[in-house]
Amino acid sequence: MVLHRVHNQILRSHHLFEPLNDEQMDELMSASQLLNLDKGDNLFHQGEPAHSFYFVISGAIKIYRLTPDGQEKVFEVIGNRQTFAEAMMLMDTPNYVASAQAVCPSQVYRFSNTAYMRLLEANQRLAFALLGKLSVRLHQRINEIETLSLKNATHRVVRYLMTQLARNNGDNNFELPMAKQLIAGHLSIQPETFSRIIRRLIDEGVITQDGRQITILDPQRLEQFE
């Protein structure tokens, strides 16, 4: 496919694509698809063959699994300029271990695992970039496991808000990337509990809220909030 100039700049800014020369990038793009998704559209389901990984140009994609009793557990919501499912290229299992669904209108590139692996074998910098990306993801998962197992609901919400603050480069004003029900599921708490903790933070002058827009009034108090 012909790569849009703006999309080329966006992809080139990501470390999984930056090491590619023009010829290699063209080879990868020839086996890719640009997908325009509506809210609720599925990219893949748990158990399906894992032939592709993805890059979000705009919108948001939730990664989730269904528990045996039918409850949805959200692991992560992938936002702009982020990749997901690239770890499947290096896993023994041939199938996706979770499902992916658009939580709002989204534009996503689908890349061929086979095409990327061919380039990976010929480009050492690309291999290190992929290892670096997976190491960051592993570190994030370890932190989440620690938070979920050792901290109460308030600590989970505070940690989540601090993470959003950090992702926003310290800007105290940011938009929550998903609805409170999804955030609560991601944090393994009830939506009512999440709302109650947010209300406490507002009442005590730590944050303000306008819809999904959050303003951190006192980051230090937020970090120490119990």
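About the cut-offs
Residues numbered from 1 in each chain as written. Predicted model: local features only at pLDDT ≥ 70, side-chain atom pairs only at ≥ 80, totals over all residues. Heavy atoms only, no water. Pairing = 2+ DSSP bridges. Helix = DSSP H or I, 4+ residues; strand = E, 2+ residues; numbered from the N terminus. Axes fitted to C-alpha atoms, helices over the stretch in contact; angles between N-to-C directions. Salt bridge = Lys/Arg side-chain N within 4 Å of Asp/Glu carboxyl O. Buried < 20%, exposed > 50% of the residue type's maximum accessible area, 1.4 Å probe, protein only. Phe/Tyr/Trp six-rings, centres within 6.5 Å; stacked < 30°, edge-to-face > 60°.

Naming follows an unreviewed UniProt entry, where the protein appears as Transcription factor for denitrification gene expression elicited by NO of Pseudomonas saudiphocaensis.

Caption draft 1: A look at the sheet that holds strand S5 (residues 72-78). One open sheet accounts for 4 strands, arranged S2-S7-S4-S5; its pairing is antiparallel. In this open sheet, the two strands that pair with only one neighbour each are strand S2 (42-44) and S5. Along the sheet, successive strands turn relative to each other by an average axial angle of 30°, direction set aside. Sheet analysis places strand S4 (residues 61-66) next to strand S7 (residues 99-102), joined by 4 bridges and oriented antiparallel. Following the sheet pairing, Lys 62 is matched in S7 by Gln 101.

Caption draft 2: Layout of the pattern of salt bridges. Using the criterion set out here, one finds 5 salt bridges in the structure. Of the charged contacts, one joins Glu 72 and Lys 62 as a salt bridge, the two residues approaching to 2.8 Å between their closest N and O atoms. Note that Glu 72 is positioned in strand S5 and Lys 62 in strand S4, a separation of 10 residues in sequence. For Lys 62, a relative accessible area of 7% puts it in the buried group. Here Asp 203 and Arg 199 are joined by a salt bridge, their closest N and O atoms 3.4 Å apart. In this pair, Asp 203 and Arg 199 both sit in helix H7 (residues 191-203), 4 residues apart, roughly one turn of the helix.

Caption draft 3: Fine view of the packing of aromatic side chains. A complete count under the given rule lists 10 aromatic pairs for this structure. Ring geometry for Phe 17 against Phe 111: centres 5.0 Å apart, planes inclined by 40°, an arrangement best described as tilted. With a gap of 94 residues between them, Phe 17 in the loop between helix H1 (5-12) and helix H2 (22-29) and Phe 111 in strand S8 (residues 106-112) connect regions that are remote in the sequence. Like Phe 17, the residue Phe 111 is buried in the burial classification. Seen in terms of ring centroids, Phe 44 and Tyr 54 are 5.7 Å apart; in terms of plane orientation they differ by 35°. Their pairing is tilted. Of this pair, Phe 44 sits in strand S2 while Tyr 54 is found in strand S3 (residues 52-58), placing the two residues 10 residues apart along the sequence. For Tyr 54, a relative accessible area of 3% gives the class buried.

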